[in-house]
Amino acid sequence: MRKESLLFLANAGQLLTLQSSSGKPGPRRGADLREIGIIQDGAVLCLGGKIVSVGTTKDALRDPWLKKNRRKVTEIDCAGKVVLPGFVDSHTHPVFVSPRLVDFEKRIEGASYQEIASAGGGIRSSLEGVRRAGKGELAAKVLSALHDMAAHGTTTVEAKSGYGLTLESELKSLEAIREAGCRWPGTVISTLLGAHVVPKEFQGRSQKYVESVCREMIPAAARRRLAQFVDVFCDRGAFTAAETEQIFAAATQYGLSVRAHMGQLSETALAPLLGFNPASFDHMDHVSEDDVRVLAKHDTMATLVPGANYFLGLNDYPPARKFIDAGVPVALATDYNPGTSPTLSMPMAMSLACTQMKMLPAEAVAAATINGAWALRVADRKGSIEPGKDADFGIFDVGDFREIPYWFGVNRCRLTVLGGVFAQ
């Protein structure tokens, strides 16, 4: 891998800039979610891993500076392919050792999510492997996942801990994320998910475990700068809204932003938690009409992860159209994890969004790029192709951007550029 100091992408059949013509601040919502800023025969010039100029190939080739320095430039002939901002996968769980194949079979035989968890499967079944593994082994697993994600066009990844659930193993998981991120040319945003479930040794004493998260895990992660966010699985069988507020308050005290798994299994009132200015509520299968209206007044993202619904064999998916039509900002993510969504492919998440949640292809693109960047609070440098932003691109061997979610089960990404570096 090498960073190209001067990089020129030319002859893109469709260059999706994701620039908004409305100029409205904040995440894309409502009709603006369809604005993807297509330039026909597009070109992008990059310097030192940053975008310098964006326009048509014809106009770029007229530029006197480019004419003078063209021999110094690494040029990519996109040959009519589609170029778009690198995907921002804003919800993943990559720190695990083994797939959960027993859960997979039990689910096929008819066991529910709760029944599998009660029988010792689910999240808790991944704890032993992470607790026993060394940091180097975990970092190698995360790095392998990051490379696979890049092969599908992803350039920015949010990575959670959450399969250790002790102070030592949660910090080890975050250290593994940091080590892998340092060896990958893309961008990794770390999240402490100590509040994933209550581990077995704290069964019946959930408040004691919440205190451990608040008084031990959060301060240690903040002190060592291992996480940008704190996440909580707020749902039936995990943590209550009151416990989530307690954890959010501790995170805020230590200068960490918050986000939550919300509404996957049951409905939780959102208003009390919105006071903490969460970056994102994720899953959101179950939400009241009143809370949809409340969310539309905030910048908190509804991050939808249809891969989980698909893999769990559910008939119902998050109500994307309800959110979009109400003006709630929506993002898409893979929810990559060993139990409920073992996919690394953002194009697959987009395909499910279109076919199962009735999102238009343009809406899926915006949700997977610029709104994913807003969900991670990195939209100042990620999620669109504009001067000053990072040189993150996916080049897809299709003639029309709608083909990206159209073709499922096949990877059409031909080249990914991460901060000016070609993915290997």
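Above this text is the structure in question.
Residues numbered from 1 in each chain as written. Predicted model: local features only at pLDDT ≥ 70, side-chain atom pairs only at ≥ 80, totals over all residues. Heavy atoms only, no water.

Peer 1: Whenever I open this one, the environment of G80 confuses me. Can you help?
Peer 2: Mapped onto the elements of the fold, G80 is located in the loop between β4 (74–77) and β5 (82–85). In this structure the C-alpha to C-alpha distance between G80 and G263, which are 183 residues apart in sequence, comes to 42 Å. (Helix = DSSP H or I, 4+ residues; strand = E, 2+ residues; numbered from the N terminus.)

Peer 1: It is not clear to me how the packing of aromatic side chains should be interpreted in this structure. Could you clarify?
Peer 2: In this description, an aromatic ring pair is defined by two values, namely the gap between the centres and the angle between the planes. According to the stated counting rule, one finds 7 aromatic pairs in the structure shown. Arranged with centres 5.7 Å apart and planes meeting at 70°, the rings of F248 and F276 form a pair that is edge-to-face. Of this pair, F248 sits in helix α9 (residues 241–253) while F276 sits in the loop between α10 (271–274) and β11 (280–283), placing them 28 residues apart in sequence. The class for F248 is buried, based on a relative accessible area of 0%. Every member of this aromatic cluster is reached through a ring pair, and the members are F202, Y209 and F239. For R259, the ring lying beneath its charged end belongs to F229, and the centroid distance is 4.5 Å. (Phe/Tyr/Trp six-rings, centres within 6.5 Å; stacked < 30°, edge-to-face > 60°. Buried < 20%, exposed > 50% of the residue type's maximum accessible area, 1.4 Å probe, protein only. Lys NZ or Arg CZ within 6 Å of the ring centre and 35° of its normal.)

Peer 1: I would appreciate a short explanation of the environment of H196 in the present structure.
Peer 2: Position of H196 among the secondary structure elements: in the loop between β8 (187–195) and α8 (206–223). Since its relative accessible area comes to 3%, H196 is described here as buried. Through-space distance from the C-alpha of H196 to that of K81 is 41 Å; in sequence the pair is 115 residues apart. Setting aside chain neighbours within four positions, we find H196 in contact with H93, I123, G162, Y163, L165, F233, A238 and F239. Within the structure, H196 has its side chain in polar contact with the backbone oxygen of G162 (distance 2.9 Å). (Contact = heavy atoms within 4.5 Å. Polar contact = N/O pair within 3.5 Å; in protein donor to acceptor, adjacent residues only side chain to side chain.)

Peer 1: What exactly am I supposed to notice about empty space enclosed by the protein here?
Peer 2: Scanning all chains against the criterion turns up 4 cavities of 30 Å³ or more. Of the pockets and cavities examined, the largest cavity occupies roughly 100 Å³. A breakdown of the residues in the lining of the largest cavity according to their chemical character gives 4 nonpolar, 7 polar and 2 charged. (1 Å grid on protein atoms, 1.4 Å probe; cavity = no way out; pocket = protein on both sides within 12 Å on 5 of 7 lines; lining within 4 Å. Points joined across faces, edges and corners; volume = space filled by probe spheres on them. Nonpolar A, V, L, I, M, F, W, Y, C, P; charged D, E, K, R; others polar.)

Peer 1: Explain the pairing of strand β14 (residues 393–396) to me, please; I cannot follow it from the model alone.
Peer 2: Successive side chains on a regular strand alternate, one facing one side of the sheet and the next facing the other. Taking every second residue as pointing to the same face, both faces of β14 are buried, with F393 and I395 on one and G394 and F396 on the other. Inspection of the sheet shows β5 paired to β14 by 4 bridges, in the antiparallel sense. Counterpart to L84 in the pairing with β14 is G394. (Pairing = 2+ DSSP bridges.)

Peer 1: Explanation requested: the sheet that holds strand β12 (residues 301–304) in the structure shown.
Peer 2: Strand pairing within a sheet occurs via backbone hydrogen bonds; the two strands may be parallel or antiparallel. Ordered by their spatial adjacency, 8 strands build an open sheet running β6-β7-β8-β9-β10-β11-β12-β13, and the pairing between neighbours is parallel. Single-partner strands in this sheet number two, and they are β6 (87–89) and β13 (330–332). Between one strand axis and the next, the sheet turns by 25° as a mean value, whatever way the strands run. Taken together, the 3 bridges between β6 and strand β7 (residues 154–160) define a ladder with parallel strand orientation. (Axes fitted to C-alpha atoms, helices over the stretch in contact; angles between N-to-C directions.)

Peer 1: How should I be thinking about the layout of surface pockets in this particular structure?
Peer 2: Computed from the structure, the largest pocket encloses a volume of approximately 350 Å³. Lining of the largest pocket is provided by 17 residues; of these, Q264, L265, H286, L312 and L314 occupy positions nearest its centre. Mapped onto the lining of the largest pocket, the elements with two or more residues apiece are α4 (113–118) and α12 (306–311). Across the lining of the largest pocket, the residue classes tally to 7 nonpolar, 7 polar and 3 charged. Put simply, the second largest pocket is a space of about 300 Å³. Contributing to the lining of the second largest pocket are 16 residues, with A117, S118, R124, V197 and G237 lying nearest its centre. If you tally residues by element for the lining of the second largest pocket, the top one is α4, at 4 residues.

Peer 1: In this structure, what is going on with a nonpolar patch on the surface? I would like to understand it.
Peer 2: Residues L101, F104 and I108 make up a contiguous nonpolar surface patch of about 310 Å² in total accessible area. You can see F104 is positioned in helix α3 (residues 101–108). Residue F104 is classed as partly exposed on the basis of its relative accessible area of 36%. (Patch = residues over 30% accessible without salt bridge, like charges linked within 9 Å, V, L, I, M, F, W, Y side chains within 5 Å. Areas by Shrake-Rupley, 256 points an atom, 1.4 Å probe, with all protein chains shown as cover. Salt bridge = Lys/Arg side-chain N within 4 Å of Asp/Glu carboxyl O.)

Peer 1: Even after reading the chapter, I still don't get unusual backbone geometry, so can you show me in this structure?
Peer 2: Only a minority of non-glycine residues have a phi that is not negative, and only a minority of peptide bonds are not trans. Even without being glycine, R225 reaches a positive phi, approximately 50°. Secondary-structure assignment places R225 in the loop between α8 and β9 (229–234). Accessibility expressed as a relative area gives 73% for R225, which makes it exposed.

Peer 1: I keep staring at the state of the cysteines and nothing clicks. Help me out?
Peer 2: As used in these notes, a disulfide is a covalent bond between sulfur atoms, one from each of two cysteines. If you walk through the whole model with that rule in mind, you get 0 disulfides. The structure places no disulfide on C413, whose sulfur is separated from the nearest cysteine sulfur, that of C78, by 11 Å. (Disulfide = S-S within 2.5 Å.)

Peer 1: Would you mind showing me how to read the pairing of β9 here?
Peer 2: For β9, a buried count of 6 out of 6 residues is recorded, marking the element as mostly surrounded by other parts of the structure. Residues of β9 alternate between two faces, with F229, D231 and F233 on one and V230, V232 and C234 on the opposite face, all of them buried. Relative to β9, β8 runs parallel, the two being bridged by 3 bridges. Directly across from T191, in β9, lies its bridge partner F229. For the crossover that starts at β8, traverses α8 and ends in the parallel β9, the hand is right-handed. Bridging between β9 and strand β10 (residues 257–262) involves 6 bridges; their strand directions are parallel. (Right-handed = clockwise from strand over helix to strand, strands pointing away.)

Peer 1: Got a minute to help me understand the pattern of salt bridges in this structure?
Peer 2: A side chain with one charge may pair with a side chain of the opposite charge, provided their charged atoms come close. On inspection of all chains with the given rule, the structure shows 25 salt bridges. Close ionic contact of E158 with R259 constitutes a salt bridge, the shortest N to O distance being 3.8 Å. Remark: R259 occurs in strand β10 and E158 occurs in strand β7; sequence separation between them is 101 residues. Accessibility assignment for this pair places E158 and R259 in one class, buried. Among the ionic pairs, R293 bridges to D290, the shortest N-O distance being 2.3 Å. Here R293 pairs with D290, and both are found in helix α11 (residues 289–295), just 3 residues apart, close to one helical turn. Looking at R293, the relative accessible area reads 48%, which means it is partly exposed. Beyond isolated ion pairs, a larger network of salt bridges with shared partners links K50, R381, K382, D390 and D392.

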